[in-house]
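# Fold and geometry: a report
Letter by letter, the chains look like this.
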Amino acid sequence: MRFLGSLHIAVAILLLSIGVGLYADLKSEQMHGQSLRIQTGLERMVRLNQSLTSVMATAVIEKNSLRAASYNSLHTKLEATMQEVQALTQHMTLAGEILALRDEQRALRAQESQVFVHIRDEQWDAAYKVLLGGDYVMALKIYEINSESAVGALTIELSNTARRQDLLRQATLMLRLAAAALLLWTGWRYSRRLQAELAEQVRLRGEVTAANEALEEKVRLRTAELQAANSQLETLSTTDGLTGLANRRRFDKYWAEEWQRALRQATPLAVIMMDVDHFKTYNDHYGHQQGDECLRRVGEVLRATVRRAGELAARYGGEEFVVVMPGASLAQAQETAESILAAIRAEQMPHASSPVASVVTISLGVAAGTPGPAGDRARMLNEADVALYDAKHQGRNRVVPSLPGLTQPNVTNAISNTVTLL
Ligand SMILES: Nc1nc2c(ncn2[C@@H]2O[C@H](COP(=O)(O)OP(=O)(O)OP(=O)(O)O)[C@@H](O)[C@H]2O)c(=O)[nH]1
């Protein structure tokens, strides 16, 4: 608003200076024209006055009254010129000089009227005497001097007026300079303010960017925390709490995925099912807590033995465990199963109530194959389970590979019945 006010003032000063300048120019032009007319008038007055005197003198010298015939018309012209000059100078200092001239002119005319009386009476000597008498000549001389001084006064007045107008012009120039300075100052202040506003905008933008970055960092941290929590949750939800192995849920998912992969890529897949021998009696003999400890150690053995990429060891349920071996043949899976069996034996966990051995042993059933389009992933598990049953049936503490035909429903049922009897 302040800038707008200054701008308005500057424009007003500029307009004022232009107005005053125009006024000064106009006045100067008027004055110039008027002075020309006055000067011309004064010169004409002197000329007419001289003509009057000359007409009069010629008539007297030639003693011829007809010579004065043009006197009246010249006199009328002189009067008209005098009135015109009077009107032009009425508001000027020069007015006084012109009045004096008029009076002197009238005095001359009065003396000339005496000459006219003598001419009319043809008293040429008397007329001659008046004309050449000291008073008339003196009055004539004074008139001429005063008319010259009137011209001089006009010149002085003109120069005074010109000086005043010069002052006025200088004042307008000063006003224009002041307006220009005000405009420059306003522009400078305005640009300073714009710069300050620009700097403030840059600062605010910086603050907003910093705040955004801080927010993004916070969001990044929170997301990372969330991802960590999710992954922990995922681990918890897929890990068996007792052994630290993958739980049944994780196994089911992994088995389905690997089955599909093997089906797609037409690669072999193997599975080992295992179960701690006579674990019920172990629990009965050593207590449930010791039973838990035994299962934990079985888990550790599995973790140490099943290490190849893609292989997964999981707790299938209770004292039963399972190993998935993508890409493995039956022989390779059997070999791994033998390693596990040996490793458990090597643990030398006492099992006083076991009719099989003095230490904890396990039985393992192995199944393998390449899934075909008609294949059922549950069937291979079933085959491994049947083989495990067979291992139990054959005396436990051993590895039994799956035999073709064992997965027939009647066989499975027979196995289930036998397990129940055991
Ligand atoms: N301590 C403990 N015992 C469990 C756990 N889960 C299952 N069991 C026990 O494991 C035993 C399994 O017994 P059975 O199914 O009869 O089989 P088994 O005694 O091992 O006999 P075979 O398998 O024929 O050699 C049961 O007594 C269960 O209570 C567990 O998490 N901790």
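Heads up: the structure comes first, above all this text.
These remarks concern the structure in this document. Note that the coordinates shown come from a computational prediction; the quantities given were computed from them, not determined experimentally.

What counts, and at which threshold
- Residues numbered from 1 in each chain as written.
- Predicted model: local features only at pLDDT ≥ 70, side-chain atom pairs only at ≥ 80, totals over all residues.
- Heavy atoms only, no water.
- Helix = DSSP H or I, 4+ residues; strand = E, 2+ residues; numbered from the N terminus.
- Contact = heavy atoms within 4.5 Å.
- Areas by Shrake-Rupley, 256 points an atom, 1.4 Å probe, with all protein chains shown as cover.
- Near = heavy atom within 4 Å.
- Polar contact = N/O pair within 3.5 Å; in protein donor to acceptor, adjacent residues only side chain to side chain.
- Nonpolar A, V, L, I, M, F, W, Y, C, P; charged D, E, K, R; others polar.
- Expected span 1.5 Å × (residues − 1).
- Buried < 20%, exposed > 50% of the residue type's maximum accessible area, 1.4 Å probe, protein only.
- Arc of directions from axis to C-beta.
- Pairing = 2+ DSSP bridges.
- Phe/Tyr/Trp six-rings, centres within 6.5 Å; stacked < 30°, edge-to-face > 60°.
- Salt bridge = Lys/Arg side-chain N within 4 Å of Asp/Glu carboxyl O.
- Patch = residues over 30% accessible without salt bridge, like charges linked within 9 Å, V, L, I, M, F, W, Y side chains within 5 Å.
- Axes fitted to C-alpha atoms, helices over the stretch in contact; angles between N-to-C directions.
- Core = buried A, V, L, I, M, F, W, Y, C linked by side-chain atoms within 4.5 Å.

### A closer look at the overall build of the protein
Scanning the protein for helices and strands turns up 11 helices and 5 strands. The contacts of the protein with a sequence gap of at least 6 include a subset with a gap of at least 24, amounting to 74%. A total accessible area of about 24,400 Å² is found for the protein, and carbon and sulfur atoms account for 57% of it.

### A few points about the site of the ligand
Around the ligand sit 16 residues, and of these His-278, Phe-279, Asn-283, Asp-292 and Arg-315 come closest. Val-276 places a polar main-chain atom, nitrogen or oxygen, 3.2 Å from an oxygen atom of the ligand. Interatomic distance of 2.8 Å between a side-chain N/O atom of Arg-315 and an oxygen atom of the ligand. Tallied by class, residues from the shell around the ligand come to 3 nonpolar, 5 polar and 8 charged.

### Let's talk about helix α8 (residues 288-305)
Think of an α-helix as turning once every 3.6 residues; residues three or four places apart then point the same way. Counted at 1.5 Å a residue, the expected span for α8 with its 18 residues is 26 Å, and the 26 Å between its end C-alpha atoms agrees. Those residues of α8 that sit buried are Gly-291, Cys-294, Leu-295, Val-298, Gly-299, Val-301 and Leu-302. Down the axis of α8, the buried set is contained in an arc of 160°. They therefore lie on one face. Contact partners of the buried residues in α8: β1 (269-276), α7 (279-286), β2 (312-317), β3 (320-326) and α9 (330-347).

### Concerning the side chain of Ser-17
By the secondary structure assignment, Ser-17 is in helix α1 (residues 2-62). The contacts of Ser-17, once residues within four sequence positions are left out, are Thr-172, Leu-175 and Arg-176.

### Quick word on the pairing of β3
With 6 of 7 residues buried, β3 lies mostly within the body of the structure. Across 5 bridges, the pairing between β2 and β3 is antiparallel. Note that in β3 the partner of Ala-313 across the bridge is Val-323. Here β2 hands over to β3 after 2 residues, with Gly-318 in that stretch at a positive phi of 55°.

### Overview of the packing of aromatic side chains
Going through the model one piece at a time under the given rule, you end up with 6 aromatic pairs. Ring geometry for Phe-251 versus Tyr-316: centroids 5.5 Å apart, planes at 80°, classification edge-to-face. A residue pair is termed long-range when its members are at least 10 positions apart, and Phe-251 in helix α6 (residues 248-265) and Tyr-316 in strand β2 qualify at 65 residues. A ring pair is formed by Phe-279 and Tyr-282, whose centres lie 5.7 Å apart and whose planes are at 10°; its orientation type is stacked.

### Concerning the pattern of salt bridges
Applying the stated criterion to the full structure yields 22 salt bridges. Asp-103 is the partner of Arg-102 in a salt bridge, and the nearest nitrogen-oxygen pair spans 3.5 Å. For the salt bridge of Glu-144 with Lys-141, the shortest nitrogen-to-oxygen distance reads 3.9 Å. Here Lys-141 and Glu-144 lie together in helix α5 (residues 134-238), a separation of 3 residues that amounts to about one turn. Taking the relative accessible area as the measure of exposure, Glu-144 reaches 26% and is therefore partly exposed. Residue class for Lys-141 comes out partly exposed when judged on its relative accessible area of 47%. The network of salt bridges with shared partners includes Asp-25, Asp-166 and Arg-169.

### What to know about the pairing of β1
Of all 8 residues in β1, 8 are buried; the element is thus mostly enclosed. Here β1 shows a buried face lined by Leu-269, Val-271, Met-273 and Asp-275 and a second buried face lined by Ala-270, Ile-272, Met-274 and Val-276. As paired strands, β1 and β3 are joined by 7 bridges and run antiparallel to one another. From the neighbouring strand, Leu-269 faces β3, where its bridge partner is Pro-326. Where β1 and strand β4 (residues 362-369) come together, 8 bridges link them in antiparallel fashion. Bridge pairing links Met-273 to Gly-365 in β4.

### Some remarks on a nonpolar patch on the surface
A contiguous nonpolar patch, built from Leu-4, Leu-7, Val-11, Leu-14, Leu-15, Ile-18, Leu-22 and Leu-183 and spanning about 650 Å² of accessible area, is present on the exposed surface. Counting residues per element, the nonpolar patch draws most heavily on α1, which supplies 7 residues. Tracing the chain through its elements places Val-11 in helix α1.

### Regarding the sheet that holds strand β5 (residues 399-401)
With respect to topology, 5 strands assemble into an open sheet ordered β2-β3-β1-β4-β5, the strand pairing being mixed. Each edge of the sheet is formed by a strand with only one pairing partner; in this case those strands are β2 and β5. Each strand axis lies, on average, 20° off the axis of its neighbour in the sheet, ignoring direction. Relative to β5, β4 is paired through 3 bridges, and the arrangement is parallel. By the bridge assignment, Leu-364 is partnered in β5 with Val-399. Here α9 sits on the sheet and contacts β1, β3, β4 and β5; the angle it forms with β4, its principal contact strand, is near 165°.

### Structural notes on the nonpolar core
With 35 residues, the main nonpolar core has Ile-38, Leu-42, Met-45, Leu-101, Val-115 and Ile-119 as its most contacted residues. If you list the elements that add at least two residues to this core, you get α1, α2 (71-89), α3 (95-120), α4 (124-132) and α5. When residues in this core are grouped by element, the largest group, 10 residues, is from α1. In contact with Leu-42, not counting residues within four places along its chain, are Val-85, Ile-98, Leu-101, Ala-150 and Val-151.

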